[in-house]
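# Summary of the model geometry
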Amino acid sequence: MVHLFRTSLGVMALAAAAFGGGALAANGPFLAHQALYDLSLMKSRSNSVNSARGRILYNFTGSSCEGYTSEFRQVSELDSGEGKVTLSDLRSNSWEDAAGKSYRFKIETRMNEADAGRVDGSAERDGDHINVKLKLPAPKSFTLDGRIVFPTEQIQRIIAAARDGKSLLELSVYDGSDDGQKVYNTLTVIGQPIPADRATSSDPSTIDEHMKSLKRWPVTVSYFDRDAQQKEGEQTPVYAMAFELYENGVSRQLVLDYNDFVISGAMGKFDVKDSKPCN
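Residues numbered from 1 in each chain as written. Predicted model: local features only at pLDDT ≥ 70, side-chain atom pairs only at ≥ 80, totals over all residues. Heavy atoms only, no water.

A few words on the environment of Lys 276. Relative to the helices and strands, Lys 276 resides in the segment after β14 (261-272). Of the residues examined, Lys 276 reaches a relative accessible area of 66% and is grouped as exposed. Between the C-alpha atoms of Lys 276 and Gly 62, which are 214 residues apart in sequence, the distance is 7.7 Å. (Helix = DSSP H or I, 4+ residues; strand = E, 2+ residues; numbered from the N terminus. Buried < 20%, exposed > 50% of the residue type's maximum accessible area, 1.4 Å probe, protein only.)

Another aspect to go through is the confidence of the model for the protein chain. Residues at a pLDDT of 70 or more form 86% of the protein chain, whose mean pLDDT is 83. Here residues 1-28 is a poorly scored stretch, pLDDT under 50, and it has 103 contacts once near neighbours within four places are set aside; other chains count. (pLDDT = per-residue confidence, 0-100. Contact = heavy atoms within 4.5 Å.)

Relative to the 18 Å expected for 13 residues at 1.5 Å per residue, helix α2 (residues 151-163) spans 19 Å between its end C-alpha atoms, a close match to the ideal helical length. Those residues of α2 not exposed but buried are Pro 151, Thr 152, Glu 153, Gln 154, Ile 155, Ile 158, Ile 159, Ala 161 and Ala 162. Residue Gly 165 follows α2 closely and has a positive phi angle near 80 degrees. (Expected span 1.5 Å × (residues − 1).)

Right, let's talk about the packing of aromatic side chains for a bit. Given two aromatic rings, their pairing is described by the distance between the two centres and the angle made by the two planes. Summed over the entire model, instances satisfying the criterion amount to nine aromatic pairs. Where Tyr 258 meets Phe 261, the ring centres are 5.0 Å apart and the plane angle is 25 degrees; that geometry is what we call stacked. Like Tyr 258, the residue Phe 261 is buried in the burial classification. Put simply, the rings of Tyr 184, Tyr 223, Tyr 239, Tyr 258 and Phe 261 touch in pairs and so form one group of aromatic residues. Positioned above the aromatic ring of Phe 150 is the side chain of Arg 125, whose terminal nitrogen or guanidinium carbon lies 5.1 Å from the ring centre. (Phe/Tyr/Trp six-rings, centres within 6.5 Å; stacked < 30°, edge-to-face > 60°. Lys NZ or Arg CZ within 6 Å of the ring centre and 35° of its normal.)

Attention now moves to the side chain of Thr 152. You can see Thr 152 is positioned in helix α2. Among the polar contacts made by the side chain of Thr 152, one reaches the side chain of Glu 96 at a distance of 2.9 Å. (Polar contact = N/O pair within 3.5 Å; in protein donor to acceptor, adjacent residues only side chain to side chain.)

Turning our attention to the pattern of salt bridges. One pass over the full model with this rule turns up 15 salt bridges. A salt bridge links Arg 55 to Asp 38; its shortest N-O distance comes to 3.0 Å. Taken together, the residues span a long stretch of sequence, with Arg 55 in strand β2 (residues 51-63) and Asp 38 in strand β1 (residues 33-44) at a distance of 17 residues. Looking at Arg 55, the relative accessible area reads 48%, which means it is partly exposed. (Salt bridge = Lys/Arg side-chain N within 4 Å of Asp/Glu carboxyl O.)

Val 132, Leu 144, Ile 158, Tyr 174, Leu 256 and Ile 263 are the most contacted members of the largest nonpolar core, which totals 59 residues. Each residue touching Val 132, except ones within four places of it in the same chain, is listed here: Ser 122, Ala 123, Lys 140, Ser 141, Phe 142, Leu 144 and Tyr 174. (Core = buried A, V, L, I, M, F, W, Y, C linked by side-chain atoms within 4.5 Å.)

Attention shifts here to the pairing of strand β8 (residues 140-145). Where strand β7 (residues 129-136) and β8 come together, six bridges link them in antiparallel fashion. Bridging across to β8, Asn 131 finds its partner in Thr 143. (Pairing = 2+ DSSP bridges.)

In this fold, Asp 97 is placed in the loop between β4 (85-96) and β5 (102-111). Since its relative accessible area comes to 17%, Asp 97 is described here as buried. Distance from Asp 97 to Tyr 68, taken between C-alpha atoms, is 6.2 Å for residues 29 residues apart in sequence. Look past the residues within four positions of Asp 97 in its chain and what remains in contact with it is Gly 67 and Ser 102. In this structure the side chain of Asp 97 is engaged in a polar contact, spanning 2.7 Å, whose partner is the backbone nitrogen of Lys 101.

Before going further, it helps to examine the environment of Ser 70. Following the sequence through the fold, Ser 70 ends up in strand β3 (residues 67-79). Separated by 22 residues in the primary sequence, Ser 70 and Ser 92 have C-alpha atoms spaced 7.8 Å apart. Once residues within four sequence positions are removed from consideration, Ser 70 is found in contact with Tyr 58, Asn 59, Phe 60, Ser 92, Asn 93 and Ser 94. Within polar-contact distance, the side chain of Ser 70 engages the side chain of Tyr 58 at 2.8 Å.

The residue after Leu 136, namely Pro 137, is reached through a cis peptide bond having omega 5 degrees. Counting through the fold element by element, Pro 137 comes out in the loop between β7 and β8. With a phi close to 60 degrees, Asp 178 is a non-glycine residue in the positive phi region. On the secondary structure map, Asp 178 appears in the loop between β9 (168-174) and β10 (183-190). A positive phi angle, near 55 degrees, is found at Gln 253, a position not held by glycine. Inspection of the secondary structure assignment puts Gln 253 in strand β13 (residues 251-257).

Rendered as structure tokens:
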């Protein structure tokens, strides 16, 4: 279970983009904001987890001219019974330009009292390929297929597909998680739009004045290990997340599926931040 959870932690950095938005929306910029999500155990499929609790804190700032900065932290505590508790702490800081050409990232993961694992690097799109340079965990340079997208562009494309009435979207995504060399194939399933006036369970996002007039879509994104798929034809997702995605990039009603267990994330706090308009 701990191995699975460690693997899932790497994917959480990629998931961070979905919590807050990214590039320019069709009808205006994404909303600069801070969101706090309270985590709890929704179900345990293998009885490997008795209880879970934690929080996700997400900060999103920037604009289409200066790029977008995402700061993400997830602290989780899993109790697998008989006094076996796993405490994890994931911190991710990334910047991506609005055109999806440049991406910088720093990720730190810590499990219990073990030394933190760190990834630090950057990626630049150059024609039909992407040049990646890592500083940590070890200096390394390599190239990726230019069709791969960064997390911010991933969210932009999901919203564009939703606006076009599409229900499926396949993308390969690079975010620097794990050891900085992992690429995930993703399958996004988009449901029917939820009108702004439809009654729903309230949280700080649904009652905020910036959100009341916006529609949203139920979205599920499954992440597959691209290397495993190529080698073995593996089709089981490493991880999946479901959420309601507003057209300004804010997400609510999170469900994080780690295969063995599922965690829900209820929005506990939501604050809109000031953002500077482009000159």
